[in-house]
Amino acid sequence: ANIMDAVFEKTLEMISTNMLDYPEHRMEFFKFLHEANQHCFHALFNIPSHFQKLVVDSIVWAFKHTERNISETGLEILLSLLENLAVNPAVAQPFYVSFLVPLIHDVLGVMTDRLHKSGFKLHASILKHLFHSIQAGQVVAPLHSFNGMSNAEFVREDVSMFLFRAFPNLTKPQIVTF
């Protein structure tokens, strides 16, 4: 937690004020996140929850970045994180409850943004992984508070509504078919 206070939070604050200053710090920051995920995965989930949220927010911030190498690094970190979660169900369930639906929204948001075309294959891989995890029943913690609705039904409805709001030119049947 001391490293998170002293380095992580301050560096994130420094590089997220705008997209241009400190490019070398920005890239090294995301390399740090990548290495932490690869070599200290469990440590990322033994830190206080507000730092976990900072980690996820940092990854999201990276893949929303307009600079291609930072965006793709963020997507690679996220995919790797999701793969680590798939083999660590005890860590995965609280993560899914807190972050799964917002991550789907964020990935869909950049996937449909022309500035992020280069990451389309990674966007699709991440969404495939998330949707498969839900459909295969690997996400057992409830993602919603509705009685009688499975996580798969909830996410299907949520994504439909997200797409309906994002693309008002599409009809409900077109979205359901998608």
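Keep in mind it's a predicted model, so treat the numbers as computed, not measured.

Chemist: What exactly am I supposed to notice about the packing of helix α4 (residues 49-64) against helix α5 (residues 68-86) here?
Modeler: A pair of packed helices can be characterised by two numbers: the angle between their axes and the separation between those axes. In the contact formed by α4 and α5, the axes pass within 6 Å of each other and the chain directions differ by 140 degrees. Between α4 and α5, the angle is such that the two are oblique. The crossing of α4 and α5 is left-handed. Within the contact between the two elements, α4 uses Ile59, Ala62 and Phe63 and α5 uses Ile70, Ser71, Gly74, Leu75, Ile77, Leu78 and Leu81. Of the residues contributing to the contact of α4 with α5, the split by class is eight nonpolar, two polar and no charged.

Chemist: Explanation requested: the nonpolar core in the structure shown.
Modeler: One recurring pattern in soluble globular proteins is that nonpolar side chains are buried together. Ranked by internal contacts, the top residues of the largest apolar core, which has 56 residues, are Phe30, Leu78, Leu85, Phe95, Leu100 and Ile104. Taken together, the elements giving at least two residues each to this core come down to α1 (2-15), α2 (23-39), α3 (41-44), α4, α5, α6 (89-111), α7 (120-135) and α8 (151-166). Examining the composition of this core, we find that 13 residues originate from one element, α6, more than from any other. The contacts of Leu78, once residues within four sequence positions are left out, are Ile59, Phe63, Leu103, Val107 and Ile126.

Chemist: Any chance you could explain the environment of Ala86 here in plain terms?
Modeler: Relative to the elements of secondary structure, Ala86 occurs in helix α5. Each C-alpha atom, one on Ala86 and one on His129, is 9.3 Å from the other, the two residues being 43 residues apart in sequence. Those residues in contact with Ala86, other than ones at most four positions away along the chain, are Tyr96 and His129.

Chemist: Any chance you could explain the layout of surface pockets here in plain terms?
Modeler: It is a probe the size of a water molecule, rolled over the atoms, that shows where empty space is left. Approximately 360 Å³ is the volume found for the largest pocket. Lining the largest pocket are 17 residues, and of these Phe131, Val155, Arg156, Val159 and Phe178 sit closest to its centre. Those elements giving two or more residues to the lining of the largest pocket turn out to be α6, α7, α8 and α9 (172-177). Sort the elements by how many residues they give to the lining of the largest pocket and α8 lands first, with seven residues. When grouped by side-chain class, the residues that make up the lining of the largest pocket number 13 nonpolar, two polar and two charged.

Chemist: Looking at this model, I keep getting lost on α4. Mind explaining?
Modeler: Counting along an α-helix, one turn takes 3.6 residues, and residues three or four places apart therefore face a common direction. Look at α4: 22 Å from first C-alpha to last across 16 residues, which is about the 22 Å you get at 1.5 Å a residue. Considered for burial, the residues of α4 that qualify are Phe51, Gln52, Leu54, Val55, Val56, Ser58, Ile59, Val60, Trp61, Ala62 and Phe63.

Chemist: Honestly, the pattern of salt bridges in this entry has me stumped. Any pointers?
Modeler: Close approach of charged atoms allows side chains with opposite charge to pair. What the rule picks out here adds up to four salt bridges. Notably, a salt bridge pairs Lys31 with Glu28, separated by 3.3 Å at the nearest N-O pair. In this pair, Lys31 and Glu28 both sit in helix α2, three residues apart, roughly one turn of the helix. A salt bridge links Glu72 to Arg68; the shortest N-O distance between them is 3.1 Å. Of the two residues, Glu72 and Arg68 are both situated in helix α5; the distance of four residues between them amounts to about one turn of the helix. The class for Arg68 is exposed, based on a relative accessible area of 53%.

Conventions and cut-offs
Residues numbered from 1 in each chain as written. Predicted model: local features only at pLDDT ≥ 70, side-chain atom pairs only at ≥ 80, totals over all residues. Heavy atoms only, no water. Axes fitted to C-alpha atoms, helices over the stretch in contact; angles between N-to-C directions. Helix = DSSP H or I, 4+ residues; strand = E, 2+ residues; numbered from the N terminus. Parallel < 35°, antiparallel > 145°, perpendicular 65-115°, else oblique. Left-handed = near helix turned anticlockwise from the far one by under 90°. Contact = heavy atoms within 4.5 Å. Nonpolar A, V, L, I, M, F, W, Y, C, P; charged D, E, K, R; others polar. Core = buried A, V, L, I, M, F, W, Y, C linked by side-chain atoms within 4.5 Å. Buried < 20%, exposed > 50% of the residue type's maximum accessible area, 1.4 Å probe, protein only. 1 Å grid on protein atoms, 1.4 Å probe; cavity = no way out; pocket = protein on both sides within 12 Å on 5 of 7 lines; lining within 4 Å. Points joined across faces, edges and corners; volume = space filled by probe spheres on them. Expected span 1.5 Å × (residues − 1). Salt bridge = Lys/Arg side-chain N within 4 Å of Asp/Glu carboxyl O.

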